[in-house]
Amino acid sequence: MSTDREPTLTVKLLQLLLLSTYWGMQIWVTFISSFVMDNHLNRHTYGFIQSRLVPFYLHLGSACAFFNLTIYAVYHPSDMLDEREAFQIFIFFVSVTVAAVNAQWFGQMTSEIMADMHLIEQACGLGQDIGLSSNREAYAKLCETDVKYRHLSSRLWLYRLLSSLCNLCCIACNFYSLCYMAENLVTL
């Protein structure tokens, strides 16, 4: 610990709760719920749930990352940091920054574009098929025939890619932070 004062049990518990909550949300939203919903819901229901769930997840994750950085920084003043502690602050800072950009921009744009695409799909009688990979021919044909839909589809692909990269970056940051905290445990 870099400061003369040791954090209280409450502060340590809060730090662990924030980090583990964010980690658990990341694993659940990224790897479990998406695959379950993809295989059991129609495209528009899946999109509707994602448009409500993901912004909440991204904003809550940003808050967890911010409070993790804040708590850690309070007990590790910059003039007393060793290299590993400085790197840990950097990891928390990256997580906060990337999570905030994802929540404020990429996630929001993805939801807005998806809603516009759903309106076009509904007008063409699409969107009730189960799974995102079913009936690809109909969606490819819609992309060929509707310029606006094609433009929205390419923008959606870009924003989903950027959002996914941000999410994976935050997962990597939290994994590093969990490893760092585990290394610094005195005992279980």
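Use the structure listed above.
Keep in mind it's a predicted model, so treat the numbers as computed, not measured.

(A) Geometry of the packing of helix 4 (residues 136-145) against helix 5 (residues 147-183). The geometry of helix 4 relative to helix 5 is characterised by a closest axis approach of 5 Å and an angle of 115° between their N-to-C directions. Here helix 4 is positioned roughly perpendicular relative to helix 5, judged by the angle of their axes. Contacts between helix 4 and helix 5 involve Y139, L142, C143, E144 and T145 on the former and, on the latter, V147, Y149, R150 and S153. Classifying every residue of the contact of helix 4 with helix 5 by side-chain character gives five nonpolar, two polar and two charged.

(B) Molecular detail of helix 4. Among all positions in helix 4, only Y139, L142 and C143 are buried. The buried residues of helix 4 occupy an angular sector of 100° when projected down its axis, which confines them to one face. Of the exposed residues in helix 4, those oriented more than 90 degrees away from the buried face are E137, K141, E144 and T145.

(C) Structural detail: the side chain of S95. As for its placement among the helices and strands, S95 is situated in helix 3 (residues 83-123). Accessibility expressed as a relative area gives 1% for S95, which makes it buried. The contacts of S95, once residues within four sequence positions are left out, are Y22, A65, C170, C173 and N174.

(D) Region of interest: a nonpolar patch on the surface. A surface patch of nonpolar side chains, amounting to about 1000 Å² of accessible area, comprises W28, F31, I32, F35, V36, W157, L158, L161, L165 and L168. When residues of the nonpolar patch are traced back to their parent elements, those giving at least two are helix 1 (9-40) and helix 5. Tracing the backbone shows L168 in helix 5. Given the relative accessible area of 43%, L168 is considered partly exposed.

Here is what the cut-offs are and how they apply
- Residues numbered from 1 in each chain as written.
- Predicted model: local features only at pLDDT ≥ 70, side-chain atom pairs only at ≥ 80, totals over all residues.
- Heavy atoms only, no water.
- Axes fitted to C-alpha atoms, helices over the stretch in contact; angles between N-to-C directions.
- Helix = DSSP H or I, 4+ residues; strand = E, 2+ residues; numbered from the N terminus.
- Parallel < 35°, antiparallel > 145°, perpendicular 65-115°, else oblique.
- Contact = heavy atoms within 4.5 Å.
- Nonpolar A, V, L, I, M, F, W, Y, C, P; charged D, E, K, R; others polar.
- Buried < 20%, exposed > 50% of the residue type's maximum accessible area, 1.4 Å probe, protein only.
- Arc of directions from axis to C-beta.
- Patch = residues over 30% accessible without salt bridge, like charges linked within 9 Å, V, L, I, M, F, W, Y side chains within 5 Å.
- Areas by Shrake-Rupley, 256 points an atom, 1.4 Å probe, with all protein chains shown as cover.
- Salt bridge = Lys/Arg side-chain N within 4 Å of Asp/Glu carboxyl O.

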